[in-house]
Amino acid sequence: MTEAAGHVPVLAGPVMQLLAPGPALTAFDLTAGRGGHAELLARAVGPAGRVLLVDRDPANLAFARDRLAALHVDLRPAVETRHASFGAIERLAAGLGAGPGPAPGWAADVVLADLGFASTQMDDPARGFSFQSDGPLDMRLDPTQGETAADLVARLPEAELADAIFQLGEDPFARRIARTLVERRTRAPIATTADLAAAVVSAYGPRARQSRMHPATRTFMALRILVNDELRALDHLLSSLERGARALTPGGATPATATWLRPGARIAIIAFHSLEDRRVKHAFADWERAGLGTRLTRKPVEADESEIRANPRARSAKLRAFQIATESVAAR
Ligand SMILES: C[S@@+](CC[C@H](N)C(=O)[O-])C[C@H]1O[C@@H](n2cnc3c(N)ncnc32)[C@H](O)[C@@H]1O
């Protein structure tokens, strides 16, 4: 089942345990991907439940939608799909009639965000995410809009490229890599994944042979995060969640802050990058201190050895969960 989807959902057991989606609940899968988690959520909420699928990638969103549509009609919840960034979740939920408190609209009982990219995106040379095979240097999760990685490499000043490769990729040779990119782009555009990988290898020089991973690994990751503005999207999501939780506090809901969350809603976020996980960790701790709810995980849940063996991508996954208070007493 999951192999046909081309992506194995990570930490599926712990996600379902922490989110505890029951019959007739409303689940928001904000990163539908290939629908692995979404199918589990759909089966759990059942025919009286609802599932909202969101993804920036129209092909993944359609795949996840079709996967849920293929469930037996007696098991299938109501499904809505939105091709958008989860950073816009408040607007998306408002369009579904989500309202304050225990409203009849699509307010979420369960929210999942499984960040980053799906294996199918990484494995498709035409998407330009990987140095493993040559393709256009694209890297957009949403191929219908925005600048590609090639555009950014052609346009950004050297210092900005260096900062991105250092901060998002944590590559100690970021300055040298940025200098090489700028030198090379004056001669010919860096238009393919092979062009970028070759530039990074040349910036590494003899050190490339000593590098445990491919020298371009960190630069590719940094550019992907930059192209898709992934940290900002996560910040928007965390702010939306906090506003949603605050709107559930006594007197907290106004027409402008009509909440998209139901009291007691459970949230799970899987991060694959330390900068993402740090944001989630701090947000959940801040919300708990503010009386908005309770952390369901003190430490992140990580994959065990058998899951990592079966799905190496699970190695860097960190899952954290939070439950919005049923009766909030938040400090405002
Ligand atoms: C790790 S995959 C999700 C896999 C999914 N849980 C499954 O079981 O198949 C991440 C997905 O999130 C999408 N994505 C990443 N950032 C996003 C954002 N800001 N808004 C919406 N979707 C996003 C990607 O396009 C990708 O399809």
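Residues numbered from 1 in each chain as written. Predicted model: local features only at pLDDT ≥ 70, side-chain atom pairs only at ≥ 80, totals over all residues.

Undergrad: What should I look at first to understand the overall build of the protein chain in this one?
TA: A count of helices and strands for the protein chain gives 15 helices and seven strands. By the compact-globule yardstick of 20 Å for 332 residues, the protein chain fits well, its C-alpha radius of gyration being 21 Å. For the protein chain, the spread of C-alpha atoms along the principal axes amounts to about 60 × 45 × 40 Å. Across the 332 residues of the protein chain, 48% fall into the buried class. (Helix = DSSP H or I, 4+ residues; strand = E, 2+ residues; numbered from the N terminus. Rg over C-alpha atoms; globule rule 2.2 N^0.38 Å. Buried ≥ 20, exposed ≤ 12 C-beta atoms within 10 Å, placed from the backbone.)

Undergrad: What should I look at first to understand the sheet that holds strand 2 (residues 50–55) in this one?
TA: Strands belonging to one sheet form pairs held by backbone hydrogen bonds; the direction of such a pair is parallel or antiparallel. The seven strands lie next to each other as 3-2-1-4-5-7-6, forming an open sheet whose pairing is mixed. The strands lining the two open edges of the sheet, one partner per strand, are strand 3 (78–83) and strand 6 (293–295). Strand-to-strand twist of the sheet, defined as the mean angle between neighbouring strand axes without regard to direction, takes the value 15°. The pairing of strand 2 with strand 3 spans six bridges and is parallel. The residue bridging Leu 52 from the neighbouring strand is Glu 80, located in strand 3. Sheet strands in contact with helix 3 (residues 36–45) are strand 1 (26–29), strand 2 and strand 4 (108–114), and its direction is about 165° off that of strand 2. (Pairing = 2+ DSSP bridges. Axes fitted to C-alpha atoms, helices over the stretch in contact; angles between N-to-C directions. Contact = placed C-beta atoms within 7 Å.)

Undergrad: Looking at this structure, I do not really get the packing of helix 13 (residues 230–246) against helix 14 (residues 274–289). What am I missing?
TA: Any two packed helices are characterised by how steeply their axes cross, that is the angle between the axes, and by the distance between the axes. Viewed as axis vectors pointing N to C, helix 13 and helix 14 meet at an angle of 15°, and their least axial separation amounts to 10 Å. It follows that helix 13 is roughly parallel to helix 14 by the angle criterion. Two packed elements cross with a definite hand, and for helix 13 against helix 14 that hand is right-handed. Contacts between helix 13 and helix 14 involve Leu 231, Leu 234, Asp 235, Leu 238, Glu 242 and Ala 245 on the former and, on the latter, Leu 275, Glu 276, Arg 279, Ala 283 and Trp 287. (Parallel < 35°, antiparallel > 145°, perpendicular 65-115°, else oblique. Left-handed = near helix turned anticlockwise from the far one by under 90°.)

Undergrad: Would you mind going over the domain arrangement of the protein chain with me for this structure?
TA: Note: interface size is frequently given as the accessible area lost on complex formation between the parts. Under the domain assignment used here, the protein chain contains domain 1 (2–119 + 229–324) and domain 2 (143–227). The C-alpha-based centres of domain 1 and domain 2 are spaced at 32 Å. (Domains from an automatic or database assignment.)

Undergrad: Before we go on, may I ask you to explain the site of the ligand in this structure?
TA: Around the ligand lies a shell of 22 residues, among which Pro 9, Thr 31, Gly 33, Arg 34 and Gly 36 are the nearest. Counting only elements with at least two residues in the shell around the ligand, the list comes to helix 3 and strand 2. (Near = placed C-beta within 6 Å.)

Undergrad: What should I look at first to understand the environment of Leu 181 in this one?
TA: Topologically, Leu 181 is positioned in helix 9 (residues 174–187). On the basis of neighbour counts, which here come to 23 C-beta atoms within 10 Å, the residue Leu 181 falls in the buried class. Each C-alpha atom of the pair Leu 181 and Ser 202 lies 9.9 Å from the other, and the pair is 21 residues apart in sequence. What Leu 181 contacts, discounting residues up to four positions off in sequence, is Val 153, Leu 161, Ile 190 and Ala 199.

Undergrad: When you look at the nonpolar core in this model, what are you seeing that I'm missing?
TA: Generally speaking, soluble globular proteins have nonpolar side chains that are buried together. Grouped together as the largest cluster of nonpolar side chains are 63 residues, with contacts concentrated most on Val 110 and Ala 268. Take this core: its biggest share by element is seven residues, from strand 5 (residues 261–271). Once residues lying within four places of it in the same chain are set aside, the contact partners of Ala 268 are Val 15, Leu 18, Leu 19, Leu 112, Leu 319 and Ala 321. Formed by 34 residues, the second largest nonpolar core is a distinct cluster that contains Phe 129, Leu 161, Leu 181 and Val 227. (Core = buried A, V, L, I, M, F, W, Y, C linked by C-beta atoms within 7 Å.)

Undergrad: Quick question: what am I supposed to make of helix 9 here?
TA: Helical geometry: 3.6 residues make up each α-helical turn, so side chains three or four residues apart lie on a common side. Compared with an ideal rise of 1.5 Å per residue, which puts 14 residues at 20 Å, helix 9 spans 21 Å between its outermost C-alpha atoms and is within 8% of the ideal. Those residues of helix 9 that sit buried are Ala 174, Ile 177, Ala 178, Thr 180 and Leu 181. Each buried residue of helix 9 lies within a common arc of 160° when the element is viewed along its axis, so the set occupies one face. In this structure, helix 9 carries Thr 186 and Arg 187 as exposed residues pointing more than 90 degrees from its buried face. (Expected span 1.5 Å × (residues − 1). Arc of directions from axis to C-beta.)

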